[in-house]
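Overview (structure and organization)
Listed here are the chains, written in short residue letters.
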There are 2 protein chains.
Amino acid sequence: MQKTKRLLAIEKIIEEAHISTQDELLKRLKGKGISCTQATLSRNLRQLGVARIPNSTGGYKYFLSENIRSTANSPVKLNIVPVIQDIVEAKGLMVIKTIPGNASNTAFFIDGAGRYEIAGTIAGDDTILLIPRDGITLQQVHTCLEIILPGIHDQIKKK
Amino acid sequence: MQKTKRLLAIEKIIEEAHISTQDELLKRLKGKGISCTQATLSRNLRQLGVARIPNSTGGYKYFLSENIRSTANSPVKLNIVPVIQDIVEAKGLMVIKTIPGNASNTAFFIDGAGRYEIAGTIAGDDTILLIPRDGITLQQVHTCLEIILPGIHDQIKKK
DNA sequence: TTGTTTTTTGCATATTTATACATTTGTTTT
DNA sequence: AAAACAAATGTATAAATATGCAAAAAACAA
C-alpha cells in the first residue's frame, strides 16, 4: 500500500532530520519519490502521534512521541517456519494461535516491528492476544501483519 | 512582573487540565484574572517549550516538554526501578509494557494494591492488560497508578 | 527625576496545520 | 464481474498558531 510506505518514510525522516514544518517534510518525501498533499501529511502525523516542539533557537522540530521502533534489528525471521496456526478475531481484538511454546517469541517479533497499528500484544504459551490501537480496523491489522510476516495469511489458509 | 505570573499559571494549567488550543488556555487564564492575547500566549508557549501532541481520540493536548523530552539533563530518580516501559490505551483498556519477564510481578503488585478502579489484570511476559471497572475513566486509572507506583508516569516520559 | 535602552505586548496579518466534502482507490461479497 | 463497502486522498477552506512592527511598559543610567 502507498500509505504504509509513506508512514515509514515519514518516521524515518523525522528521526533523522530536523523537520520544522509539514511543507518541509513534504519536499523531503518528494525527494524520495513519495508525493502527497499537506492535508494527507497532517492526517498521517496525527496517526503517528508526531509532536511539534519549539526549541530555544527560535525554530520547531517534529518528534515521534513514541520511541524509536526499528524493524532492522530483529534477529529472527519467524515466517520461515509455519509457527502461526490460526487467527481469530473477537471483541475488536485479534487472537493468534501458534504451535506450542512459540507465542512469546512470535509476539516479541511482532512487537519488534514497532507498528503503530498495534497497541500491544500479550503472549501465553501458544496464544497471542493482539490489541489494535483505537481507530485501527482489524483489516488494517491484517495488512500490517502481512507486512511484518509476509505470507502469513497464505500459510494459514493452506493448512 | 506580569509575565512571570502568567508563565507559572500556564504551566500549572497545562499540567492539570487537558488543553488543546491556545484560545482554550486563554479563557482559562482569563478565569484566573490573567489576560493577554493569543499572540502573547504563542510566544510564552515557545518560551516554556510546550508541545502540542495529537491523541488517538482525535484531539490535541499541550504538554510541558520537560514531561516528554527524554534525556541527559534530567535527574534520575534512583528509587524507581525502570521496569515499566510504556503505557498505551486502547479499547478503553490499558496496555502496560514492562521490561521482559517483569509483567507478572508488576501485575501482581498492581493487583495487590486492591484498588477499586481496577477490575483485573492479565500479564504475559512483558505486557500487562489492565481492565478498568465500568464507569472508570482511563484518566482515573492513571491517577490510580500514580498512587500505586509513584513516579510511574515521569519514568515513562523521561525514557 | 529625565533620557536611553531593553523587554513585553497588542494588532494585524502571514504562516502553518486541520478538516469537511467529494472523489478515487482498494477490498470484500455475491 | 459487478455491486457494496471501506479506506485513502486531494481540493478548498477553516482553524490554529506564529510573527513583523509599532506602541507601551519596565529596567537602567546619569
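In case you missed it, the structure is sitting above this.
Below or above, wherever it landed, is the structure these notes cover.

About the thresholds
- Residues numbered from 1 in each chain as written.
- Chains lettered and ligands numbered in written order.
- Predicted model: local features only at pLDDT ≥ 70, side-chain atom pairs only at ≥ 80, totals over all residues.
- Heavy atoms only, no water.
- Axes fitted to C-alpha atoms, helices over the stretch in contact; angles between N-to-C directions.
- Helix = DSSP H or I, 4+ residues; strand = E, 2+ residues; numbered from the N terminus.
- Parallel < 35°, antiparallel > 145°, perpendicular 65-115°, else oblique.
- Contact = heavy atoms within 4.5 Å.
- Nonpolar A, V, L, I, M, F, W, Y, C, P; charged D, E, K, R; others polar.
- Core = buried A, V, L, I, M, F, W, Y, C linked by side-chain atoms within 4.5 Å.
- Buried < 20%, exposed > 50% of the residue type's maximum accessible area, 1.4 Å probe, protein only.
- Domains from an automatic or database assignment.
- Arc of directions from axis to C-beta.
- Pairing = 2+ DSSP bridges.
- Buried area = accessible area lost by both parts, 1.4 Å probe.
- Salt bridge = Lys/Arg side-chain N within 4 Å of Asp/Glu carboxyl O.
- Near = heavy atom within 4 Å.
- Polar contact = N/O pair within 3.5 Å; in protein donor to acceptor, adjacent residues only side chain to side chain.

**Some details on the packing of helix H2 (residues 22-31) of chain A against helix H3 (residues 38-48) of chain A**
Residue and element names in this part refer to chain A. Orientation of H2 relative to H3, taken along the N-to-C sense of each, is 105 degrees, at an axis distance of 10 Å. It follows from the interaxial angle that H2 and H3 lie roughly perpendicular. In this structure, H2 contributes Gln22, Asp23, Leu25, Leu26 and Leu29 to the contact, and H3 contributes Gln38, Leu41, Ser42 and Leu45. Here the contact of H2 with H3 is built from residues that sort into five nonpolar, three polar and one charged.

**Let's talk about the nonpolar core**
By size, the foremost hydrophobic cluster in this structure holds 35 residues, and its most contacted members are Leu25 and Ile96 of chain A. The leading source of residues in this core is helix H1 (residues 2-16) of chain A, at five residues. Taken domain by domain, this core gets at least three of its residues from each of domain 1 (2-64) and domain 2 (81-157) of chain A. Once you skip the residues sitting within four places of it in the chain, Leu25 of chain A turns out to touch Ile10, Ile13, Ile14, Ile19, Leu41 and Leu45 of chain A. Judged by nonpolar contacts, the second largest core, of 18 residues, contains Ile13, Ile14, Ala17 and Cys36 of chain B.

**A short note on helix H2 (residues 22-31) of chain B**
Residues and elements named next belong to chain B. Buried within H2 we find Gln22, Leu25, Leu26 and Leu29. Along the axis of H2, the buried positions cluster into a sector of 105 degrees, meaning they face one direction only. In H2, the exposed positions that point more than 90 degrees away from the buried face belong to Lys27 and Gly31.

**Thoughts on the pairing of strand S5 (residues 118-123) of chain B**
Residue and element names in this part refer to chain B. Inspection of the sheet shows S5 paired to strand S6 (residues 127-132) by five bridges, in the antiparallel sense. Bridged to Ile118 within S6 is Pro132. The antiparallel hairpin formed by S5 and S6 contains three residues in its connecting segment.

**Some details on the interface of chain A and chain B**
Residue-level contacts link 28 residues of chain A with 29 residues of chain B. Regarding the contact of chain A and chain B, the summed buried area is about 2100 Å², with carbon and sulfur atoms giving 55% of it. When the buried surface of chain A facing chain B is broken down by residue, Arg46, Ile122 and Asp134 of chain A rank first, second and third, together holding 29% of it. Between the two partners, chain A and chain B, sit zero salt bridges.

**Topic: the environment of Ile14 of chain B**
All names here are of chain B. Secondary-structure assignment places Ile14 in helix H1 (residues 2-16). Accessibility expressed as a relative area gives 2% for Ile14, which makes it buried. Note: C-alpha distance between Ile14 and Val50 (36 residues apart in sequence) is 8.9 Å. In this structure, Ile14 is in contact with Leu25, Leu45, Val50, Lys61, Tyr62, Phe63 and Leu64, ignoring residues within four places of it in sequence.

**Some words on the protein's contact with DNA strand C**
Around DNA strand C, a shell composed of 18 residues is seen, among which Ser42 and Tyr62 of chain A together with Arg6, Thr40 and Tyr60 of chain B lie nearest. Within 4 Å of the protein, atoms of DNA strand C come from sugar and phosphate in 63% of cases. At 2.8 Å, a side-chain N or O of Arg43 of chain B approaches a base nitrogen of DNA strand C. When residues of the surface near DNA strand C are assigned to their parent elements, the largest contribution, four residues, is made by H3 of chain A. Per-class residue counts for the surface near DNA strand C are five nonpolar, eight polar and five charged.

The values reported here are purely geometric and, on their own, carry no functional implication.
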